[in-house]
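Survey of secondary and tertiary structure
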Amino acid sequence: MVAAVGSYLDAKSHGGSWALRIDDLDPPRVASGSVDSIFRCLEGFQMVWDGEVVYQSGRTQAYQAALDQLRARGLVYACACSRKDIGDSGLDGLDGPVYPGTCRKGLPPGRDARAWRVHTEDTAIEFVDLVQGRMRQDLEHEIGDFVLYRADRVFAYHLACAVDDSAQGVTHVVRGADLLASTPRQIYLQRLLGLRTPDYLHLPVALNAAGKKLSKQTLADPVDLDRAAVTLADVLRFLKHPPPDEVCADGVSALWRWAVENWRRDRLPGVVSADGPATQKDSETPP
Ligand SMILES: [Zn+2]
């Protein structure tokens, strides 16, 4: 809800449109009914999206075309390594072990391709997040060559995001700071594929008592649609936009009217994350 409310307000307060995409790349892992419950939740909160809903499960041809393009240019390679092979490399990165480059120069004899990886470079990817400021990551050393097509025959989320953000004409990506460390990978793919890099704004993430992101995976309670106004006011307070009492008493529509009028990016708090900022941040503040 924090990411949904923050992105909705940022779009609406700037006269933009708010696109809805269902990131269901991995159909077996998408619980039946979960997409319906997203629609019900957005409707319960009177959040209306603009345009058609895009389902990543229906976009595999576009992802394949992007992968084929990179393959034709020698920018990706087949990898035979298992998760265990890579874990044994002992190189800790920002997002799991750094791939040690075992298959960069070809598959080891007698091994079959499991996944496709993209070559990374030893140069920093930099971007200025609209809230978090200037961010920098060295993909080769901090992440390693990352997977674009998984051993279980599913396209990787980063490739899908880069392709879809461009296809949908997304100008601003507003999402949770749990994806901050992923952004340089997506920017790198945009550059390789000749796609425009959108502006990024990473919102703080709500954590449970154990310091983990509140989500279905951490068994958080579902959003209670009978208390939509109370929840919306809570989310606005979390985002440092506390609504006046009289607005809260007027219900969901009044809260949205107030919030769209009063939304200010400079009120948003910096990263709240259990593990600290996942991406290196300069002390320098953005213009
Ligand atoms: Zn490998």
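Use the structure listed above.
A brief look at the structure comes next. (Residues numbered from 1 in each chain as written. Predicted model: local features only at pLDDT ≥ 70, side-chain atom pairs only at ≥ 80, totals over all residues. Heavy atoms only, no water.)

Quick word on the overall build of the protein chain
Selection rule: Strands here are runs of E lasting at least two residues and helices are runs of H or I lasting at least four, both read from the DSSP assignment and numbered beginning at the N terminus. Every radius of gyration here is taken over C-alpha atoms, with the globule rule written as 2.2 Å times N^0.38, N being the number of residues. Think of it in three bands: with a 1.4 Å probe and only protein chains considered, a residue is buried below 20% of the maximum accessible area for its type, exposed above 50%, and partly exposed in between. The criterion used for residue contact is that any of the two residues' heavy atoms lie within 4.5 Å. Residue-level accessible areas treat just the shown protein chains as cover; the underlying method is Shrake-Rupley with a 1.4 Å probe. Positive charges come from Lys and Arg alone, negative charges from Asp and Glu alone, with His and the N- and C-terminal ends not counted. Here the site of a charge means NZ on Lys, CZ on Arg, CG on Asp, or CD on Glu.
When you go through the protein chain residue by residue, the secondary structure sums to ten helices and twelve strands. Computed over C-alpha atoms, the radius of gyration of the protein chain comes to 20 Å, within 12% of the 19 Å expected from 2.2 N^0.38 for 287 residues, which places it in the range of a compact globule. Overall, the C-alpha framework of the protein chain stretches about 70 × 45 × 35 Å when taken along its three principal axes. In the protein chain, which comprises 287 residues, the share counted as buried stands at 42%. Relative to all contacts within the protein chain whose residues are 6 or more apart in sequence, the contacts with residues 24 or more apart total 73%. Only carbon and sulfur atoms are counted for the fraction: they give 50% of the accessible area of the protein chain, which is about 14900 Å². A gap of 3 Å separates the mean positions of the 33 positive and 39 negative side-chain charges of the protein chain.

Considering the sheet that holds strand β3 (residues 76–79)
Where we set the bar: By the convention used here, strands pair only if DSSP detects at least 2 bridges between them. Angles shown run from 0 to 180 degrees and are taken between the N-to-C directions of axes, each axis being a line fitted to C-alpha atoms and, for helices, limited to the stretch in contact.
Read across the sheet, three strands follow the order β3-β6-β9 without closing on themselves; strand pairing throughout is antiparallel. The sheet is open, and its two borders are formed by β3 and β9 (147–149), each paired with just one other strand. In this sheet, adjacent strand axes meet at a mean angle of 45° when their direction is disregarded. Judged from the four bridges that link them, β3 and strand β6 (residues 115–118) form a sheet pairing that is antiparallel. Its bridge partner being in β6, V76 is matched across the sheet by V118.

Topic: helix α10 (residues 252–262)
Among all positions of α10, only V252, A254, L255, W256, W258 and A259 are buried. Looking at the buried side of α10, the elements it contacts are α1 (2–13), α8 (228–238) and α9 (245–249).

Comments concerning the packing of aromatic side chains
Rules: Think of it this way: a Phe, Tyr or Trp ring, Trp meaning its six-membered ring, pairs with another when their centres are within 6.5 Å, and the plane angle makes it stacked under 30 degrees, edge-to-face over 60, tilted otherwise.
Within the structure shown, the criterion is met by seven aromatic pairs. Pairing Y77 with Y99 gives two aromatic rings, centres 6.5 Å apart and planes at 40°, and the pair type is tilted. Note that Y77 is positioned in strand β3 and Y99 in the loop between β5 (96–97) and β6, a separation of 22 residues in sequence. For Y77, a relative accessible area of 6% puts it in the buried group. The class of Y99 is buried, set by a relative accessible area of 6%. In this structure an aromatic cluster arises from ring pairing among Y8, W18 and W256.

A look at the pattern of salt bridges
Which entries qualify depends on this criterion: When a carboxyl oxygen of Asp or Glu lies within 4 Å of a side-chain nitrogen of Lys or Arg, that pair is called a salt bridge.
One pass over the full model with this rule turns up 15 salt bridges. Ionic pairing is found between R150 and D26, a salt bridge with its closest N-O pair at 3.0 Å. One end of the pair, R150, is in the loop between β9 and α6 (157–167); the other, D26, is in the loop between β1 (21–22) and α2 (34–44), and 124 residues separate them in sequence. Under the relative-accessibility criterion, R150 is labelled partly exposed at 25%. The closest approach of N and O atoms between R185 and D95, which form a salt bridge, is 3.0 Å. Pair noted here: R185 is in helix α7 (residues 183–193) and D95 is in the loop between β4 (92–93) and β5, with a separation of 90 residues, a long-range link. Put simply, R21, D23 and D165 are held in one network by salt bridges that share partners.

Considerations on the packing of α8 against α10
Our working definition: Relative orientations are named as follows: roughly parallel for angles under 35 degrees, roughly antiparallel for angles over 145 degrees, roughly perpendicular for angles from 65 to 115 degrees, and oblique for any other angle. Amino acid classes used here: Ala, Val, Leu, Ile, Met, Phe, Trp, Tyr, Cys and Pro are nonpolar; Asp, Glu, Lys and Arg are charged; the rest, including Gly, are polar.
One can describe the packing of α8 onto α10 by two numbers: an axis separation of 9 Å at closest approach and a directional angle of 20°. One element, α8, and the other, α10, form an angle in the roughly parallel class. Residues A228, A229, L232, A233 and L236 of α8 pack against V252, L255, W256 and A259 of α10. By residue class, the composition of the contact of α8 with α10 is nine nonpolar, no polar and no charged.

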